Amino acid sequence: MEIRYAKQTDIPQLKHIWKVCFGDEDDYINFFFYHLFQPERTVVAVCRNTVIGVVYMLKASLFAAEFMYGYAIGVLPEYRGNSVCKTMLDYIRCEAAEQSFLFGLHPANEKLFSFYKKIGLTELYRLKTVDASEFCEETPADLYDVDASTYFSFRERAFAPLVSWDEKMLLYMLKEAKYTGGVAKRIIVQGQERI
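Remember, it's a predicted structure, so these values are computed and weren't measured experimentally.

Explain the environment of Lys175 to me, using residue names and the numbers behind them.
Within the fold, Lys175 resides in helix H6 (residues 167-179). Among the residues examined, Lys175 registers a relative accessible area of 37% and is labelled partly exposed. Note: C-alpha distance between Lys175 and Ala148 (27 residues apart in sequence) is 9.8 Å. Every residue in contact with Lys175, bar those within four places of it in the chain, is listed here: Phe31 and His35.

Next comes the structure, spelled out in structure tokens:
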């Protein structure tokens, strides 16, 4: 098995892995590849000229240090149980030490949390959840459109210290929300601002 950075020619195989691992529609997968895919930030596992695993690294910062966020990590089912994911993450660990960046990810569930811990990742940060349940439908609220710059400023004020995404990445997140039928709005309720 070879571990390396992706090439443009890997894209069809990477889209196949995404489809198999996450079940997303082709339109959404194409949306990601058009807007966010960067081969130089994508680590792949290759077996006999076939890409069998992938880790996309999205650039951010954490505690004023360069941070690479592991995203959409996938290994084809027939290759699972062979340390493919661990080998890719070990490769990234070496790259992180050599290039002086932090690496982290947010597991989608407790099972994945246990898996990543078992293969050597340690807890670095936690997802912060804000409870706004005190606001009910009758509470008057002002809604405004939000752009990436406003969203960036709000996140930097409200959630520090945090994984900090640049405005380009936040613009992608806003486009993705809209693309998948969601919205991103700035809301002010009883003088408190939320996005």
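From this point, the narrative continues.
Can you explain unusual backbone geometry? Please cite residues and give values.
Although it is not a glycine, Ala64 sits at a positive phi angle of roughly 65 degrees. Assignment of secondary structure puts Ala64 in the loop between strand S3 (50-62) and strand S4 (65-75). Look at Ala64 and you get exposed, because its relative accessible area is 83%. Even without glycine at this site, Ala72 takes up a positive phi of about 45 degrees. Tracing the backbone shows Ala72 in strand S4.

Tell me about the sheet that holds strand S7 (residues 185-189), and name the residues and values.
One open sheet accounts for three strands, arranged S6-S7-S8; its pairing is antiparallel. Looking at which strands have only one partner, the edges of the open sheet turn out to be strand S6 (141-145) and strand S8 (192-194). Adjacent strand axes in the sheet meet at a mean angle of 20 degrees, parallel and antiparallel pairs treated alike. Summarising the sheet, S6 and S7 pair through five bridges and their orientation is antiparallel. Counterpart to Asp145 in the pairing with S7 is Lys185.

Here is what the cut-offs are and how they apply
- Residues numbered from 1 in each chain as written.
- Predicted model: local features only at pLDDT ≥ 70, side-chain atom pairs only at ≥ 80, totals over all residues.
- Heavy atoms only, no water.
- Helix = DSSP H or I, 4+ residues; strand = E, 2+ residues; numbered from the N terminus.
- Buried < 20%, exposed > 50% of the residue type's maximum accessible area, 1.4 Å probe, protein only.
- Contact = heavy atoms within 4.5 Å.
- Pairing = 2+ DSSP bridges.
- Axes fitted to C-alpha atoms, helices over the stretch in contact; angles between N-to-C directions.

It is worth stressing that arrangement in space is one thing and function is another; only the former is reported here.
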